[in-house]
Amino acid sequence: MQASRLPAYVDILVIPLLNLLTALFVAGIIIAIIGENPFTALSIMLKGAFIYKGGLGYTLFYTTNFIFTGLAVAVAFHAMLFNIGGEGQAAMGGLGIGLVALGLGGILPVPIVILLAIIGSAIFGAIWGVIPGYLQAKRGSHIVITTIMFNFIASSIMIWLLAGLLMAPNQMSPETVSFADGVMLFKIHQILNSMGFSVARSPLNLSFVLALLCCFAVWVLIWRTRFGYRIRATGFSTKASAYGGYRPEWIIILVMAISGGLAGMMAVNEILGVQHRVILNFTSGYGFTGIAVALMGRNHPVGIIFASLLFGALYQGGAELDFEFQTITRDMVIMIQGLIILFSGALAYMFNPFLERIFLANKGQKEPENG
Amino acid sequence: MLDKINKVKREHIIKNGDESSPFAISLIDICKSFGPVQANDAISLDVTRGTIHGIIGENGAGKSTLMSIIYGFYKPDSGMIKVAGTPVSFKQPSDAISLGIGMVHQHFMLVPNFTALENIILGSEGKKGLKSGLYAARKKLKELSQTYGLEVDLDSITEDLPVGIQQRIEILKALYRGAKVLILDEPTGVLTPQETERLFEILNALKSEGVTILLITHKLHEVMAITDVVSVMRQGKLVAHTKTKETNSEWLAEQMVGRSVLVNIQYPKGNPKHIALSAEKVSVTDKRGFDSLKNVSFDLHAGEILGIAGISGNGQSELLSVLSGIIQPAAGQFKIAEELFDATHHADPQKVRQLGVAHVPEDRHAEGLILQFQAFESAILGYEKSPNLGVKLLTDPNINRTYCAQLMDSFDVRPQNPTLLSSQFSGGNQQKLILAREISSMPKVLLVGQPTRGVDIGAIEFIHNTLISMRDSGCAIIVVSVELEEILSLSDRIMVMNAGEVVGTVNKQDATKPMLGKMMAGMTLNVAEKGV
Amino acid sequence: MSRNNLLLIVGVIVVAAVIIFNLDMQVEDKKETVSFKPAVVFDMGGKFDKSFNEGVWNGVKKFTEETGIEVMEFEVTNETQREQAMRRMVDKGATVVLGVGFAQADAISKVAAENPNVQFSIIDVGWLDAPNLRQYVFKEHEGSYLVGIAAAKATKTGKVGFVGGQDIGLISKFACGYVGGVKSVLPNADIYENMTGSTPSAWNDPARGAELTRSQIDRGADVVYHAAGGTGVGVIQAAADAGKLAIGVDSNQNGLAPGSVLTSMLKRVDVAAYETFMDAKNGKFTSGVKALGIAEGGVDWALDENNESLITADIKSALEAAREAILSGSVTVHDYLTDQTCPY
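From a predicted model like this one, the values you see are computed outputs, not experimental measurements.

**Student:** I'd like a rundown of the overall build of chain B, residues and numbers included.
**Tutor:** For chain B, the helix and strand inventory stands at 19 helices and 20 strands. For chain B, the C-alpha atoms occupy an extent of roughly 80 × 50 × 45 Å along the three principal directions. Buried positions account for 47% of the 532 residues belonging to chain B.

Laid out in structure tokens, this is it:
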């Protein structure tokens with residue numbers, strides 16, 4: 001990672017904004033080409049994401065997914081590990097929830113089952129992160145390759161189980177039976193309605209709160225604990241980590257456990273929050289989008305919350321475009337989302353040289369006598 | 001139109017040089033700043049054709065920035081560069097190369113697994129088939145090496161060659177590209193005394209063929225030995241400019257630091273007491289199965305400094321790594337504070353630290369601190385567990401900042417700003433910060449690798465004094481250094497290493513520079529003594 | 001430190017403002033009051049999947065062309081969107097919502113229960129129960145029985161094949177009817193059955209479909225019937241490449257490889273879509289399960305210029321006879337889903 005010479009506010013505010021605007025500009029051109037008004041489309045996207053009945057709920061629901069997967073990528077990245085196995089770790093997290101909820105639901109009290117299910121998701125996700133971590137640390141197998149392969153393995157395991165052992169009888173979808181009554185997280189609209197606010201129904205559930213707690217926990221872990229210090233030291237310099245006596249290989253394994261656990265907890269939102277049964281492909285690519293989220297959020301929990309909100313709004317507002325325009329199909333929407341991921345993720349630093357010229361030129365002239 | 005004239009003129013310069021100008025390079029009011037740091041401040045300088053021009057200054061004085069500007073790597077904020085009297089503007093190094101300016105970097109820019117020939121023609125392969133290009137290059141290089149005495153086996157793999165030869169490859173590469181002006185950045189940092197002498201012969205040969213040489217260094221004796229003209233830089237400014245014949249090293253040193261300093265002090269001998277650390281037949285095998293350390297045995301006493309001399313890469317680094325617990329011995333054992341470590345009972349850095357061993361690593365940038373960390377974070381590397389730096393599992397940045405400010409204050413680290421990135425400090429200040437961190441743990445044994453590599457004179461003095469006073473207070477110290485003067489100045493005893501083995505150990509009063517040089521090349525003590 | 005705090009505060013303010021805004025705006029999001037407003041929710045395949053969803057879309061298109069009424073539509077891209085899309089359609093004033101495929105069963109039963117005044121209809125689901133929900137199932141076994149007869153008449157080796165998509169009861173229903181048809185002509189015929197996979201991805205794996213078909217042909221089969229959605233394209237291609245015959249499914253696939261597709265088992269999902277909206281428009285909407293077989297025009301075999309040379313007079317008369325027999329009730333084709341077994 002190259003240290004940016006730009007002022008911090010440019011790095012965390014101006015650049016993401018500029019990237020977003022560029023992406024919207026390109027998307028706008030495409031919308032104009034197919035004959036729709038780009039400004040109408042943008043306003044429908046925004047209204048769909050934040051204003052229409054239940055829109056915000058859905059936006060925050062998707063945001064929750066992205067927070068978990070984005071944090072997972074970010075934590076690993078602080079140890080300079082590129083965990084792109086969020087997809088598989090989340091799928092295994094779903095399996096963890098399913099096994100706990102189906103095995104213990106109805107036997108133990110509901111709150112305990114829920115708690116164990118959440119822990120189960122984290123543990124299953126962590127296991128799916130630890131194995132590539134171990135292979136990286138002890139065998140030198142590159143984490144990018146192994147995490148990709150573990151996505152496929154997780155997918156195959158889920159197919160095998162959901163179309164076989166765990167498949168619900170008398171129906172045709174590869175999914176488990178529904179969890180016992182009550183083994184689910186409260187929906188935010190239910191809570192707010194019971195408090196007297198009238199809020200539209202949406203899948204937004206308590207996982208959102210859990211996600212925010214995880215953000216805080218990650219912040220504390222990375223910047224306020226001695227272990228976090230070791231993680232960052234290892235990430236910046238393996239040699240310095242060895243010099244400090246931090247055993248880089250153990251740090252890699254532990255960080256991958258934490259990263260996998262966070263990705264696994266994405267399943268809490270989808271499975272425990274909404275589906276109440278384990279279904280196939282509930283990860284829907286959120287694990288991969290988490291990479292873009294972490295990049296855009298500069299691997300900082302606060303940045304990740306905002307980036308997740310952006311992507312959540314994009315998912316929800318994008319669906320709204322499909323509702324409103326006959327000409328804008330869902331493939332079009334995916335393309336627009338792709339553009340934003342491209343500009344704010346893959347091309348995140350495209351404007352750096354340009355901005356550096358502007359900001360550093362001014363700076364140099366202002367303080368000539370210093371030095 | 002003007003462009004066209006410039007182009008024609010440029011081509012002329014490339015072919016013939018502009019005979020009307022006596023100066024190979026002229027700088028006029030060059031300014032360059034990085035953020036708040038003014039690296040070059042109104043530098044004006046004329047470099048006469050066919051001379052060796054020394055540029056000296058402390059680390060962070062702006063020498064490297066200035067050279068990078070001449071080489072087209074940085075663009076100056078203001079000011080003008082003239083090559084052979086013609087104003088030029090470089091967008092990238094290739095512009096400078098095309099005008100006959102070549103640079104040999106401090107850290108070589110060579111592909112390790114290429115042959116020497118491949119490395120030399122890298123970037124100027126020609127457009128036709130590689131093979132015919134190689135043939136032509138070989139012919140041209142043969143002429144070049146004969147003219148300047150730059151013997152290199154063109155077909156050897158670069159990484160197998162000694163650093164001195166690798167440096168020759170860099171020089172050949174620059175000449176092959178038509179360099180008439182050669183910039184050498186700290187060229188002797190990695191060389192043995194013998195290799196350094198050989199390099200100076202080559203530089204003189206180049207000079208006699210009309211090549212202009214800019215030599216960047218902070219070693220005064222080298223400037224005195226080889227340059228014709230010397231310019232001194234301090235804090236981004238050019239503070240002195242003189243013919244070498246008309247000056248002396250004391251005066252130059254004063255100009256560099258802005259006050260008078262003592263060069264090459266002979267410190268009084270220490271007062272060795274009990275054995276603090278002992279090694280017995282320690283061997284280390286690296287990943288490739290190569291024995292980087294063979295049967296090393298020695299005792300280290302409290303209150304003495306054991307200097308370890310040797311050309312870099314002869315086992316000194318591994319010795320420090322083993323003693324500090326970073327790597328494990330394949331055989332043999334060593335004892336620290338009554339605890340015995342060997343191939344089965346492993347030491348690790350945390351444990352060794354608890355036993356009172358502090359370690360100032362050789363590689364400041366990769367090991368000693370973390371460049372991307374703020375200073376206060378680098379100031380606790382290895383000590384972040386210390387109970388006074390936080391509560392239980394947590395650390396407290398405020399406490400760390402205060403702690404770092406104290407260290408900076410007592411060790412005169414400048415700028416005294418704990419939140420500055422570690423990379424933003426000069427080499428000397430980085431080293432002082434590391435020393436502060438390690439010494440503040442009150443160690444019984446102090447392992448120091450290259451205490452003053454790339455460190456300016458003012459800081460060298462401070463670091464040396466600190467080490468001596470640590471010794472006098474009863475600390476056992478090992479100093480590994482490639483600087484023979486440093487070893488001779490600091491050590492009570494000197495252990496010379498070659499190819500992973502101890503060649504011999506001599507007392508300070510018996511040691512001379514030529515003798516140590518021969519031992520570093522692998523001759524045993526007896527043979528070396530006879531040669532004196 | 002202070003920068004982080006600042007960001008946090010700004011973030012909280014933004015989120016709070018948006019929530020307040022959102023609460024406020026809900027009141028304005030009022031329903032339009034139109035007496036008839038149809039909507040359809042396509043599933044993951046998308047409306048141009050050359051198969052099931054596209055069949056529904058053809059019915060929708062026909063309805064729009066005849067009546068001039070626009071149908072709201074949506075294509076889901078992830079699991080949560082099914083329910084969301086149904087709700088969104090209701091919110092936008094839909095009076096009748098059509099769900100496509102059994103994957104939407106869960107979502108439609110929830111939303112139907114919450115909105116008793118809206119009419120719902122779903123295709124390929126027959127096990128739900130709600131007073132405002134119509135469910136379409138098809139008697140695919142009847143159509144498969146017919147093409148089984150055609151296969152048995154056309155085979156020269158006495159060996160025929162079947163390639164299914166996802167290994168579920170619905171596809172066994174196809175297979176069982178087909179086996180019944182074949183055995184009614186050739187009691188000792190060899191019938192090779194293969195399923196492509198056990199997950200929804202089995203509907204879209206032409207390479208695997210071609211592979212299975214080639215292996216069946218290697219074992220001697222010369223007519224292969226597929227019930228595998230997009231995977232079937234590979235089946236037809238492989239059969240055509242080997243100079244053998246394939247039988248298409250769902251829509252008329254005779255034209256995919258003219259001269260190599262013996263016939264197609266038509267499953268008229270477009271009829272279901274068209275009928276749902278027409279009935280709703282004319283006030284004739286009824287709930288309950290609608291089973292569309294040969295009698296109802298829901299399943300049939302396809303004859304057009306692409307396969308008329310393959311359908312000999314003998315085959316044609318056998319098919320006509322079997323069709324009559326099923327219509328008159330003298331032949332009853334077994335439905336696998338009734339007892340999860342196949343007696344043939």
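Next comes the rest of the write-up.
**Student:** Requested: an account of the sheet that holds strand S13 (residues 305-309) of chain B, with residues and values cited.
**Tutor:** All names here are of chain B. With respect to topology, 6 strands assemble into an open sheet ordered S16-S17-S18-S13-S19-S20, the strand pairing being mixed. The open sheet has two edge strands with one neighbour each: strand S16 (357-360) and strand S20 (501-507). On average, adjacent strands in this sheet sit at an angle of 15 degrees to one another, irrespective of strand direction. Where S13 lies against strand S19 (residues 493-498), 4 bridges are found, and the strand directions are parallel.

**Student:** I'd like a rundown of helix H13 (residues 286-296) of chain A, residues and numbers included.
**Tutor:** Residue and element names in this part refer to chain A. H13 sits mainly inside the fold: 10 of its 11 residues count as buried. When H13 is considered as a whole, its buried residues turn out to be Tyr 286, Gly 287, Thr 289, Gly 290, Ile 291, Ala 292, Val 293, Ala 294, Leu 295 and Met 296. Downstream of H13 by a residue or two, Arg 298 has a phi angle that is positive, lying close to 55 degrees.

**Student:** Residue-level account of the nonpolar core, with values.
**Tutor:** Counting 367 residues, the largest nonpolar core has Leu 71 and Val 255 of chain A, Leu 182 of chain B together with Val 97 and Ala 151 of chain C as the members making the most contacts within it. Of the residues forming this core, the biggest block, 15 residues, is contributed by helix H3 (residues 55-78) of chain A. Residues within four places of Leu 182 of chain B in sequence aside, it is in contact with Gly 102, Val 104, Ile 171, Ala 174, Leu 206, Val 211 and Ile 213 of chain B.

**Student:** Outline the environment of Ala 168 of chain A, supporting the account with residue identities and numerical values.
**Tutor:** All names here are of chain A. Within the fold, Ala 168 resides in the loop between helix H6 (143-162) and helix H7 (188-194). We classify Ala 168 as partly exposed; it has 15 C-beta atoms within 10 Å. Taking the C-alpha atoms as reference points, Ala 168 and His 276, separated by 108 residues in sequence, lie 13 Å from one another.

**Student:** An account of the domain arrangement of chain B is requested, with residue identities and associated values reported.
**Tutor:** Residue and element names in this part refer to chain B. Domain assignment breaks chain B into domain 1 (2-257) and domain 2 (275-531). Distance between the C-alpha centres of domain 1 and domain 2: 33 Å. Tallying the contact residues gives 11 residues for domain 1 and 15 residues for domain 2. When residues in the side of domain 1 that touches domain 2 are grouped by element, the largest group, 3 residues, is from helix H9 (residues 249-257). When its residues are assigned to classes, the side of domain 1 that touches domain 2 shows 5 nonpolar, 5 polar and 1 charged.

**Student:** Could you give me a rundown of the pairing of S19 of chain B, with the residues and numbers involved?
**Tutor:** All names here are of chain B. Across the 6 residues that make up S19, a large majority, 5, are buried. Here S19 pairs with S20 via 6 bridges, running antiparallel. Each bridged residue has a counterpart across the sheet, and for Asn 498 the counterpart in S20 is Glu 501. Counting the residues between successive antiparallel strands, the hairpin from S19 to S20 contains 2 residues, one of them, Ala 499, with a positive phi of roughly 50 degrees.

**Student:** Describe unusual backbone geometry, naming the residues involved and giving the relevant values.
**Tutor:** A negative phi angle is the norm for most residues apart from glycine, just as the trans form is the norm for most peptide bonds. Residues and elements named next belong to chain B. Cis peptide bonds are those with omega within 30 degrees of zero, and the linkage from Arg 414 to Pro 415 qualifies with -10 degrees. Mapped onto the fold, Pro 415 is located in the loop between helix H14 (397-410) and helix H15 (427-439). The backbone of Asn 295 shows a phi angle near 50 degrees, a positive value even though the residue is not glycine. Along the polypeptide, Asn 295 turns up in strand S12 (residues 291-301). We classify Asn 295 as partly exposed; it has 15 C-beta atoms within 10 Å.

**Student:** Pulling in residues and values, what's your account of the sheet that holds strand S11 (residues 288-292) of chain C?
**Tutor:** All names here are of chain C. Within the open sheet, the 6 strands sit side by side as S2-S1-S3-S4-S5-S11. Their pairing is parallel. Looking at the sheet topology across the chains shown, the edges are occupied by strand S2 (72-75) and S11. Direction aside, neighbouring strands of the sheet carry axes that sit 15 degrees apart on average. Across 4 bridges, strand S4 (residues 119-123) lies against strand S5 (residues 133-138) in parallel orientation. Looking across to S5, one finds that Ile 123 is bridged to Tyr 136.

**Student:** Outline the packing of helix H9 (residues 226-236) of chain A against helix H11 (residues 248-264) of chain A, listing residues and values.
**Tutor:** All names here are of chain A. At a minimum axis distance of 10 Å, the contact between H9 and H11 shows a crossing angle of 110 degrees. In terms of axis orientation, H9 runs roughly perpendicular to H11. Remark: the crossing between H9 and H11 carries left-handed chirality. Residues Arg 230, Ile 231 and Thr 234 of H9 form the contact with H11, whose participating residues are Pro 248, Ile 251 and Val 255. Of the residues belonging to the contact of H9 with H11, the class tally is 4 nonpolar, 1 polar and 1 charged.

**Student:** Which residues make up the packing of helix H8 (residues 207-224) of chain A against H9 of chain A, and what are the values?
**Tutor:** Residues and elements named next belong to chain A. Relative to each other, H8 and H9 sit at 70 degrees, their axes nearing to 5 Å. Taken together, H8 and H9 sit at an angle that is classed as roughly perpendicular. Residues Leu 221, Ile 222, Trp 223 and Arg 224 of H8 form the contact with H9, whose own contacting residues are Phe 227, Gly 228, Ile 231 and Arg 232. Each residue belonging to the contact of H8 with H9 can be placed in one class, and the counts come to 5 nonpolar, 1 polar and 2 charged.

**Student:** An account of the environment of Asp 167 of chain C is needed here, citing residue identities and associated values.
**Tutor:** Residue and element names in this part refer to chain C. Looking at where Asp 167 falls in the secondary structure, it is placed in the loop between strand S6 (159-166) and helix H6 (169-185). Note on Asp 167: 17 C-beta atoms within 10 Å, which makes it partly exposed. In this structure the C-alpha to C-alpha distance between Asp 167 and Ser 198, which are 31 residues apart in sequence, comes to 5.0 Å. Not counting the four nearest positions on each side in its chain, Asp 167 is found in contact with Met 195, Gly 197 and Ser 198.

Quick notes on the rules
- Residues numbered from 1 in each chain as written.
- Chains lettered and ligands numbered in written order.
- Predicted model: local features only at pLDDT ≥ 70, side-chain atom pairs only at ≥ 80, totals over all residues.
- Helix = DSSP H or I, 4+ residues; strand = E, 2+ residues; numbered from the N terminus.
- Buried ≥ 20, exposed ≤ 12 C-beta atoms within 10 Å, placed from the backbone.
- Pairing = 2+ DSSP bridges.
- Axes fitted to C-alpha atoms, helices over the stretch in contact; angles between N-to-C directions.
- Core = buried A, V, L, I, M, F, W, Y, C linked by C-beta atoms within 7 Å.
- Contact = placed C-beta atoms within 7 Å.
- Domains from an automatic or database assignment.
- Nonpolar A, V, L, I, M, F, W, Y, C, P; charged D, E, K, R; others polar.
- Parallel < 35°, antiparallel > 145°, perpendicular 65-115°, else oblique.
- Left-handed = near helix turned anticlockwise from the far one by under 90°.

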